[in-house]
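Analysis of the macromolecular model
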Amino acid sequence: MQPRFDASYSVLKSWAEGRKDDALKMYFKFDTLVTPAMQAGIRFHSEWEKEIRTTNRLPVIFGARPLIKPMVEKMMVWDYPDRINGSWLRLKGKSDVTDEPAIIEFKSGLTESSEYANHHQVGIYGFLAIANGRRINKAEIYHYNQHDNKVDMSIVWLTNDRLRQAIDWAREVAWDMYSEMIGQKLFEKYGHRRTSGNTH
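A quick note: this is a predicted structure, and the numbers were derived from the prediction, not measured.

1. A look at the packing of aromatic side chains
According to the stated counting rule, one finds 21 aromatic pairs in the structure shown. Consider the rings of Phe 44 and Trp 48, whose centres lie 5.5 Å apart with planes at 10 degrees: the pair is stacked. Taken together, the residues span about one helical turn, with Phe 44 and Trp 48 both in helix 3 (residues 36-55) at a distance of four residues. Side by side, Phe 44 and Trp 48 carry an identical accessibility label, which is buried. Here a set of aromatic residues connected by ring pairs shows up, and it is made of Phe 5, Tyr 27, Phe 28, Phe 30, Trp 88, Trp 175, Tyr 178, Phe 187 and Tyr 190. The positively charged end of Arg 194 is found above the aromatic ring belonging to Tyr 27, 3.8 Å away from the centroid.

Right under this line is the structure:
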C-alpha cells in the first residue's frame, strides 16, 4: 500500500517554484532557514491572532471591523478523490481566519496584497473551507508593510473557476512531488519524521 501524501500549500508552492530541497525539508520536518522577514511575520501573526480572539474584531491596524463568528487558525483537510491512483492525496491547510462568508489572510513585508491575490493559496483555502461545510464566497487579504508603515487590502471572489484552478494546480504539483518521493523511497527513509499534527 502506497503512503498518503499530506500536502499543504506552502510545501506545494516551494516545489512548484523549483525549491525542491526546501519543500522536502519542510514536509519531512527537517530544520529550515528562518529569515528575519519570516520571524517578523510569525510575530505579527501571533499578535493579530491574540487581538482577534480578545476583541472579536479585525486587528486595529486593519481597521478593527467587527467579525461575525471568527475561527482562527482552524485546520481543514480534504481527501482528493482519485479513481485511478486511489487515496494518495490529502490537502491540509488553515487560513488565518475563517469568518463566513470570507476567509481572511494576513501578510507582512514588502509584497502587496494584490500579488498574493494572484496566488493559489486563497483558492485552496476557500475550497477546503467549503469542503468542510463553511459558506465561503470570497477571500480578504490584508497586508502590512512594516518597513514604511503602510496597509493595503485585496478581495478575491472565489468563483467555481477560481476554486477549480487552485485544486487542479494542487493536484498537478502534488503528483509530481509525490511521484519523485515514491521513486526515491523518501517515505521509507524519512516518513518517521512526520507527525499527524503537522500542518506542512
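What follows continues from the structure just given.
2. Describing the environment of Arg 162
Within the secondary structure, Arg 162 sits in helix 6 (residues 160-183). Classification of Arg 162 by relative accessible area gives buried; the value is 19%. Along the chain, Arg 162 and Arg 43 lie 119 residues apart, while their C-alpha atoms are 31 Å from each other. Discounting chain neighbours no more than four positions away, the residues touching Arg 162 are Ala 117, Asn 118, His 119, Val 122, Val 156 and Trp 157. A distance of 2.5 Å separates a polar side-chain atom of Arg 162 from the backbone oxygen of Ala 117.

3. Let's talk about the nonpolar core
Grouped burial of nonpolar side chains is what soluble globular proteins tend to show. In this structure, Phe 5, Leu 12, Leu 91, Met 177 and Met 181 are the most contacted members of the largest nonpolar core, which totals 42 residues. The element contributing the most residues to this core is helix 6, with 10 residues. Residues in contact with Phe 5, not counting those within four places in the same chain, are Leu 12, Tyr 27, Trp 88, Leu 89, Arg 90, Ala 174, Met 177, Tyr 178 and Met 181. Counting 13 residues, the second largest nonpolar core, distinct from the first, contains Phe 44, Ile 52, Val 72 and Val 97.

4. Focus on unusual backbone geometry
The amide bond that connects Glu 100 to the next residue, Pro 101, takes the cis arrangement and shows omega of 10 degrees. Relative to the elements of secondary structure, Pro 101 occurs in the loop between strand 5 (97-99) and strand 6 (102-108). Of note in the backbone geometry, Lys 29 takes a positive phi value of approximately 65 degrees without being a glycine. Among the secondary structure elements, Lys 29 is positioned in the loop between helix 2 (20-27) and helix 3. A positive phi angle, near 50 degrees, is found at Glu 73, a position not held by glycine.

5. Structural notes on the pairing of strand 6
In terms of residue burial, strand 6 counts as a mostly covered element, since seven of its seven residues are buried. Neither face of strand 6 is open: one carries Ala 102, Ile 104, Phe 106 and Ser 108, the other Ile 103, Glu 105 and Lys 107, and all of them are buried. Sheet topology note: the strand 5/strand 6 ladder contains three bridges and is antiparallel. Bridged to Val 97 within strand 6 is Ile 104. Counted between consecutive antiparallel strands, the loop separating strand 5 from strand 6 contains two residues. Strand direction decides the pairing type here: strand 6 and strand 7 (residues 138-145), joined by seven bridges, are parallel. When the bridges of strand 7 are listed, Glu 105 appears paired with Ile 141.

About the thresholds
Residues numbered from 1 in each chain as written. Predicted model: local features only at pLDDT ≥ 70, side-chain atom pairs only at ≥ 80, totals over all residues. Heavy atoms only, no water. Phe/Tyr/Trp six-rings, centres within 6.5 Å; stacked < 30°, edge-to-face > 60°. Helix = DSSP H or I, 4+ residues; strand = E, 2+ residues; numbered from the N terminus. Buried < 20%, exposed > 50% of the residue type's maximum accessible area, 1.4 Å probe, protein only. Lys NZ or Arg CZ within 6 Å of the ring centre and 35° of its normal. Contact = heavy atoms within 4.5 Å. Polar contact = N/O pair within 3.5 Å; in protein donor to acceptor, adjacent residues only side chain to side chain. Core = buried A, V, L, I, M, F, W, Y, C linked by side-chain atoms within 4.5 Å. Pairing = 2+ DSSP bridges.

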